[in-house]
Amino acid sequence: MQSVGPYRFTHMLGICPVGKVWAAIDGQGRFVTVAVLDAAAANTPGWRESFAGIANSMSQMPDGLTFSYADFAAAEPWVAYPAEAGAGGEKLFQALGQECQPVPTDEDGTPSPVSGVPQPVSGAPTSGASFEPWAPHGGPQPVQPVPTPQPAVDAPHSPAPADPLPYDPFSAPVRLIEPSEPPRRRTGLWAAVAALMLVAAVGSGVAVWAIAGNDQADPGPLPNVTATAVPTADSVELGLKPWAQAAPYSPEERALAVAAPSLVFIEAVFTGYVRDAATNAPVRATPITFSRRCSAFVVTPNGHALTSSSCVKPTEETVRRIALDTVARILVREKKLDSKQVESYVQTNLAKTRFTGVDAGTEPASEIYGQLNTAKGNVTTDPAIPAQVVRALSPETGNIALIKLARENLPAVELNPSAPLADGNSLLVLGFSTSDTDFRTASYTPQSRLVSISGTGRRGSMSIYRINQDLGVTSHGGIALDPNGRVAGMIDQDQARPDRANRAVVPSSALDTLLGEAQVRNALGESDNLYRSGLEAYFAGQHSTAIAQFDAAAQNSPANLLAQAYRQNAVERQQWSRTSEGSVWPLVLLAAAGGALAAGLVVLVVLLTRRRRRVG
């Protein structure tokens, strides 16, 4: 027997060009109906998003159709509705412009058992009993096909014609009894009844035509709906789309939507000279420049952000090692060193050199730049934002740095110093990553992943937590989120690993301590509160309120591009809701027309009854 998630299919209820509706039962014996989008449709651009978006929109409406469970990321996306909701699956496909046809039944009226791939059902659905997916005979009954005549085997010959009937005087063509003259017909009353029925039918038809127009559901490659559930926002270059990286309306989407605007891509650029430690003579006459790239997140509207010390304030030895590695690779390009000798060159010269500024006794120059939403390497002008280090802890004592971006009204995120972190717990991590292989021209976008805490460790007096996956080499300094979109910890390098992968989390309590030492208070700005209010209204289906809140948030904090995207999403959902509500009126008018016709039929029956009594 087929199944999806916790549900086991019992029989198929209906089928349409893009999917099927099944009756199913869960592990506790509760009955549901499941709408399943076929894989071919799910792989067609637009269908999966509309299937998910309309299911969510219908559930958010007042007295809406709420589903029990769904998996929109499956190869064949599906939505389960409680049996008490009635024909939930059929209504979902109907909203997509697809009419479901009922499934043929056996001779006793029982739906055919599930076996193999169900075949489409031809013909129009017919009216019948009320929809009861838990009943073996529930649902509308299709018109039974007329059996095809089969040739008889050894069929007997047709019998000979019978003898003519005897003469019957009452069958004579001449009337023996003349009937009385019938009463006069009330032609005027009949005409009035017919006119009433005609006016009702024509009037309802005109009303339906005026409202519906000539729009017909077109089961083509794209869903025939007024608006999708996904913000298009073509003019907004989003770095992260929470609705695409998590199930729509899930806690993960909400958490990402809350925190993602505060994420910052960081590039620290170091410039200096590699010198002989004994003579202070430069190893090369030209300065050496290299970059460190990582993630960060804003914790105050005026630009304070937290990141990794090893990125923006590495130790002198780390800087010297990277500078020597850069010199070695220059020598390789100049064919003065073999590529296999790079590591040995670094190790041989590490203790013999220093990395300094223009003068031997000065520190190398460093510059820090931050970019929000999307980023490119080697950018030092707008949209890059200059930054400076305010305070930094060494890798041995925390590896946390507080920096200050030179811009106001930036979207901030809230810390949760008491966030529970324990072995086996799940965390949603968020940081910048890239798939580009050329470091010089690489582009970076925010990425998220659900990970698990796989162990603990110590870093000085502080506990750290190891995770089972990482987002890539530039994710350190990123965020580990709690379910409400607050910071449970910061992603960092696991210094105990040979590859120093970004698989450690520094707890939020340590971040809060650093802010206290720097006398900086984690706080949300007015635009942050407006944005969060907009998200609350959006996820509650209050689209007008959400639009107003997102408008205000975007105006106060233009860097928050997600406020603009979610505003557009709310506008589209509001339009879809109005269209959906408007589509009810044709049904109301048809019902009214049906009532008028029924009233006319009642009058007709009464008149016929009176006539028969008078004749009798």
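Coordinates for the structure precede this section.
First, a word on what this report is: a plain description of the structure on this page.

Scanning the protein from N- to C-terminus turns up 14 helices and 21 strands. Taking all contacts inside the protein whose residues are at least 6 apart in sequence as the whole, residues at least 24 apart take part in 65%.

Orientation of helix α6 (residues 251-259) relative to helix α11 (residues 526-539), taken along the N-to-C sense of each, is 160 degrees, at an axis distance of 10 Å. The angle between α6 and α11 places the two elements in the roughly antiparallel class. Here α6 runs over α11; the crossing is right-handed. On α11, the residues touching Glu-253, Arg-254, Ala-257 and Val-258 of α6 are Tyr-531, Arg-532, Leu-535 and Phe-539. Residue classes in the contact of α6 with α11 are distributed as five nonpolar, no polar and three charged.

This part takes up the nonpolar core. Nonpolar side chains tend to gather and get buried jointly when the protein is soluble and globular. Counting 56 residues, the largest nonpolar core has Phe-297, Leu-306, Tyr-531 and Tyr-566 as its most contacted members. Apart from the residues within four sequence positions on either side, Leu-306 is in contact with Ala-296, Phe-297, Val-299, Ile-400, Ala-401, Leu-402, Gly-477, Leu-511, Leu-514 and Leu-515. Grouped together as the second largest cluster of nonpolar side chains are 36 residues, Val-274, Ala-296, Ile-403 and Ala-412 included.

It is worth spelling out the environment of Glu-572 at this point. Of note, Glu-572 is situated in helix α13 (residues 561-582). Sequence spacing of Glu-572 and His-543 is 29 residues, and the spatial spacing of their C-alpha atoms is 9.2 Å.

Okay, the packing of aromatic side chains next. Under the criterion given, the structure shown has 19 aromatic pairs. When the ring of Phe-67 is compared with that of Phe-72, the centres are 6.2 Å apart and the planes differ by 90 degrees; the resulting orientation is edge-to-face. Aromatic side chains Tyr-538 and Phe-539 sit 5.1 Å apart centroid to centroid with 80 degrees between the ring planes, which places their arrangement in the edge-to-face category. The buried category is assigned to Phe-539, whose relative accessible area is 4%. Among the aromatic residues, those joined into a cluster by ring pairs are Trp-243, Tyr-249, Tyr-531, Tyr-538, Phe-539, Phe-550 and Tyr-566.

Considering all chains together, one arrives at three cavities of 30 Å³ or more under this definition. Leu-238, Gly-239, Leu-240, Ala-260, Pro-261, Leu-263, Asn-373, Phe-432, Pro-446, Leu-561 and Leu-562 together form the lining of the largest cavity. A breakdown of the residues in the lining of the largest cavity according to their chemical character gives nine nonpolar, two polar and no charged.

So, on to the pairing of strand β12 (residues 365-372). As paired elements, strand β8 (residues 263-276) and β12 share eight bridges and run antiparallel to each other. Paired with Glu-267 across the strands is Tyr-369, a residue of β12. Where β12 lies against strand β14 (residues 385-392), three bridges are found, and the strand directions are antiparallel. Among the inter-strand pairings, Ile-368 is bridged to a residue of β14, identified as Ala-387.

Our next topic: the environment of Val-451. Within the secondary structure, Val-451 sits in strand β17 (residues 443-459). With relative accessibility at 2%, the residue Val-451 sits in the buried group. Apart from the residues lying within four places of it in its own chain, the contact partners of Val-451 are Asn-425, Ser-426, Leu-427, Val-429, Ile-467, Asn-468 and Gln-469.

Under the definition given, this model contains one disulfide. Disulfide partner of Cys-294: Cys-311, at an S-S distance of 2.2 Å. Taking the torsion about the S-S bond as the criterion, the Cys-294 to Cys-311 disulfide, at about -85 degrees, is left-handed. Here Cys-294 is found in strand β9 (residues 288-298), whereas its partner Cys-311 is found in helix α7 (residues 309-312), with 17 residues between them in sequence. The same class applies to Cys-294 as to Cys-311, namely buried. Free cysteine Cys-16: the closest other cysteine sulfur is in Cys-100, separated by 4.2 Å.

With that out of the way, let us pick up the pattern of salt bridges. Any two side chains of opposite charge can pair, given that their charged atoms come close. Summed over all chains, the structure comprises 17 salt bridges. Put simply, Asp-382 and Arg-407 hold a salt bridge, and the shortest N to O gap is 3.5 Å. Remark: Arg-407 occurs in the loop between β15 (400-405) and β16 (426-433) and Asp-382 occurs in the loop between β13 (375-376) and β14; sequence separation between them is 25 residues. Note that Asp-482 and Arg-486 form a salt bridge whose closest N and O atoms lie 3.0 Å from each other. Among the residues examined, Asp-482 registers a relative accessible area of 8% and is labelled buried. Given the relative accessible area of 27%, Arg-486 is considered partly exposed. Among the ionic contacts, a cluster of salt bridges with common partners joins Arg-284, Glu-334 and Lys-336.

Before going further, it helps to examine unusual backbone geometry. At the junction of Asp-382 and Pro-383, the peptide bond is cis and its omega measures out at 15 degrees in the coordinates. In this structure, Pro-383 sits in the loop between β13 and β14. In this structure, Lys-335 takes a positive phi of about 60 degrees despite not being glycine. Its place among the elements puts Lys-335 in the loop between α8 (316-333) and α9 (342-349). Lys-335 sits in the exposed class, given a relative accessible area of 76%. Despite not being glycine, Gln-519 has its phi angle at roughly 55 degrees, a positive value.

Burial analysis of strand β2 (residues 7-16) places eight of its ten residues in the buried class, which makes it a mostly covered element. For strand β1 (residues 3-4) and β2, the ladder comprises two bridges, and the chain directions are antiparallel. Following the sheet pairing, Ser-3 is matched in β2 by Arg-8. Between the end of β1 and the start of β2, which pair antiparallel, lie two residues, with Gly-5 showing a positive phi angle near 50 degrees. Pairing analysis gives seven bridges linking β2 to strand β3 (residues 19-25), with the strands arranged antiparallel. Opposite Cys-16, over in β3, you have Gly-19 as the bridge partner. Once β2 ends, the chain turns through two residues before running back antiparallel as β3. Where β2 meets strand β7 (residues 101-102), two bridges bridge the pair, whose relative direction is antiparallel.

Position of Ser-544 among the secondary structure elements: in helix α12 (residues 543-556). For the pair Ser-544 and Arg-567, spaced 23 residues apart in the sequence, the C-alpha separation amounts to 9.7 Å.

Once that is clear, we can look at α9. Each turn of an α-helix holds 3.6 residues, which means side chains three or four residues apart point in the same direction. Those residues of α9 that sit buried are Val-342, Tyr-345, Val-346 and Asn-349. Here the buried residues of α9 occupy an arc of 100 degrees about the axis, which is enough to place them on one side. On the buried face of α9, the contacting elements are α8 and β11 (353-356).

What counts and what doesn't
- Residues numbered from 1 in each chain as written.
- Predicted model: local features only at pLDDT ≥ 70, side-chain atom pairs only at ≥ 80, totals over all residues.
- Heavy atoms only, no water.
- Helix = DSSP H or I, 4+ residues; strand = E, 2+ residues; numbered from the N terminus.
- Contact = heavy atoms within 4.5 Å.
- Axes fitted to C-alpha atoms, helices over the stretch in contact; angles between N-to-C directions.
- Parallel < 35°, antiparallel > 145°, perpendicular 65-115°, else oblique.
- Left-handed = near helix turned anticlockwise from the far one by under 90°.
- Nonpolar A, V, L, I, M, F, W, Y, C, P; charged D, E, K, R; others polar.
- Core = buried A, V, L, I, M, F, W, Y, C linked by side-chain atoms within 4.5 Å.
- Buried < 20%, exposed > 50% of the residue type's maximum accessible area, 1.4 Å probe, protein only.
- Phe/Tyr/Trp six-rings, centres within 6.5 Å; stacked < 30°, edge-to-face > 60°.
- 1 Å grid on protein atoms, 1.4 Å probe; cavity = no way out; pocket = protein on both sides within 12 Å on 5 of 7 lines; lining within 4 Å.
- Points joined across faces, edges and corners; volume = space filled by probe spheres on them.
- Pairing = 2+ DSSP bridges.
- Disulfide = S-S within 2.5 Å.
- Salt bridge = Lys/Arg side-chain N within 4 Å of Asp/Glu carboxyl O.
- Arc of directions from axis to C-beta.

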